[in-house]
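# Descriptive analysis of the structure
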Amino acid sequence: MCGIVGYVGPKKVVPLILDGLKRLEYRGYDSAGIAVVQSDGKLEIRRAPGKLRNLEESIRAKPLDGLYGIGHTRWATHGRPTEENAHPHRDCSGEIVVVHNGIIENYLDLKQQLTAEGHKFVTETDTEVIAHLIEKFSKAGSNLEQSVMKAVKVMTGAYALVAISTRDPQKIAAARLGPPIVVGLAENESFIASDIPAILAHTRSVIFMADGDIAILTPSGVQLTDFDGKPISRPPQHITWDPIMAEKGGYKHFMQKEIFEQPRAVRDTLIGRISQDTGKVFLDDMDITADEFRAFEAVKLIACGTSWHAALAGKFMIERLAHIPVEVDYGSEFRYRDPIVTKRDLAIAISQSGETADTLAATREAAQKGAKILGICNVVGSMLTREANGTVLTHAGPEIGVASTKAFTCQLTSLLLVALYLGQVRGKLAPADTIKLMQELTRLPQKIEEVLQRDPAIEALARQLFRHTDFLYLGRGIHYPIALEGALKLKEISYIHAEGYPQAK
Ligand code: GLU
């Protein structure tokens, strides 16, 4: 699932979309493309396999300008990463174009049907069926958004899709079922993107589309409806992240920058949440009362990947400080094993983005079985924060690096805050002990800084070690999950074999 950027408004559309796509490059992709509607009302498309510079090159060779448009970086799932298969994809008339993240599961059936009805397919992608479906419904008299609504009714799968049609000028329509998509609001212009950094330079006022939402963007604003066209109102979220925070700021790459941001991120996650005078912990306002926190009989921690490692460490913290049994589950495992959950359970879901599909599905299942949901999440307004009964926000700032660093440290910090809070309301933790732990917590950013100052020594060590082919990370107790996370980081970043083990005697 890769990048989507769309824009309608007075700014120069091609550079704006290309810049947005560049800010999503960190996600990886194999080809890219852009479609704009020109002042003569015609659609023009440029696409190129490989990096965005290839697309820029093809635009230089054959310049492109227009009034509004959409762009995409593709990570192929159906069809090779060629120019023909790169998005945007067209209908037969060339009047409709679509970009799409995700997979249309029943595309073969739809392709067969549409071919029998006379539609001509020119790519190997699943996405192309969407353009032809919209064409079919437009020809029958529907406008762009009505056609999108009819198309989503016959499609199964996961999609964030964005479409434009020259028959419906100055309008962009989008639909979401699965992959994330945000709408950006500003005066006389509207933005759409698969992730916030793509539009952060232009607006901080965003709406996260939910599953089952349709968005209709025009220069004068954005309208949201459900798949039946019923209007939905979602309040815009104000993103406090500075656009500069989503840039590299002199570091070699985002991961390095984010490693060095850890002291600041942990400090921000602690601000306003602990009082060293009284030994009190304050969680953000939420729909779970202190009485409910007192009455829970078990905690279920649900997460995936790095967040799952944070959850394993969270088990140690919560069991030790709050004396309450904790089970840790992988989001995907939880949803496929009919877990035992009761009304007396607190389910804590951990996700940096708040959009991790398996974690969200597991959380919904826990909620349906009566558990209260507490989210630990880095993105205000994301799906998890909307669906949970309460959220402890990690204040890590945007994490662009695909391998999580500062978000992980802030998840651990948040879990400790939750453990302290639970211990406190359940009377398992004396104020004096809480104060001692709080003092340690407030020293943490300084300690991380000290470790980071050893950067040159760590780099020298890396130079000694980098030719080895296997690494074992050992840890005991709470350090065992940290060993697992260390091994994951090495694998993710260097493709060197690594494993985490519990340390025996
Ligand atoms: N399934 C689509 C394709 O292969 C979209 C891939 C993506 O999410 O980038 O073209």
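An account of the accompanying structure is given in this report.

Rules used throughout
Residues numbered from 1 in each chain as written. Predicted model: local features only at pLDDT ≥ 70, side-chain atom pairs only at ≥ 80, totals over all residues. Heavy atoms only, no water. Pairing = 2+ DSSP bridges. Helix = DSSP H or I, 4+ residues; strand = E, 2+ residues; numbered from the N terminus. Contact = heavy atoms within 4.5 Å. Axes fitted to C-alpha atoms, helices over the stretch in contact; angles between N-to-C directions. Near = heavy atom within 4 Å. Polar contact = N/O pair within 3.5 Å; in protein donor to acceptor, adjacent residues only side chain to side chain. Areas by Shrake-Rupley, 256 points an atom, 1.4 Å probe, with all protein chains shown as cover. Nonpolar A, V, L, I, M, F, W, Y, C, P; charged D, E, K, R; others polar.

## Things to note about the pairing of strand β13 (residues 221-226)
The side chains of a regular strand alternate between both faces of the sheet. As defined by bridge partners, strand β12 (residues 213-218) adjoins β13 across six bridges and the pair is classed as antiparallel. Pairing of L217 across the sheet is with V222, part of β13. If you look at the hairpin formed by β12 and β13, you'll find two residues sitting between the two strands. Pairing geometry for β13 and strand β14 (residues 231-232), over two bridges, is antiparallel. Looking at the pairing, L224 lines up with I232 of β14. Taking the residues that link successive antiparallel strands as the turn, the β13-β14 hairpin has four residues, and the phi of G229 there is positive, at about 90 degrees.

## Observations concerning the sheet that holds strand β1 (residues 3-8)
Read from one edge of the open sheet, eight strands run β3-β2-β4-β1-β10-β9-β11-β15, paired in antiparallel fashion. Only two strands of the sheet have a single partner each, and these edge strands are β3 (43-49) and β15 (237-238). Relative to β15, strand β11 (residues 205-208) runs antiparallel, the two being bridged by two bridges. What sits directly across from S205, in β15, is H238. In the packing of helix α1 (residues 13-22) onto the sheet, contacts are made with β1, β2 (31-37), β4 (68-74) and β10 (189-193), and the angle to β4 comes to roughly 25 degrees. Along the sheet face, helix α2 (residues 52-61) touches β2, β3 and β4 and points at about 135 degrees away from the line of β3.

## Things to note about the site of the ligand
R74, T77, H87, G102 and D126 are the nearest of the 15 residues found near the ligand. In the environment of the ligand, an oxygen atom lies 3.1 Å from a nitrogen or oxygen atom belonging to the backbone of H78. Contact between the ligand and H87: an oxygen atom at 2.8 Å from a side-chain N or O atom of the residue. About the coverage of the ligand: the protein hides 100% of its 300 Å² of free accessible area. Looking at the shell around the ligand, the elements with two or more residues in it are β4 and β6 (96-104). At three residues, the largest contribution of residues to the shell around the ligand is made by β6. Here the residues of the shell around the ligand sort into four nonpolar, nine polar and two charged.

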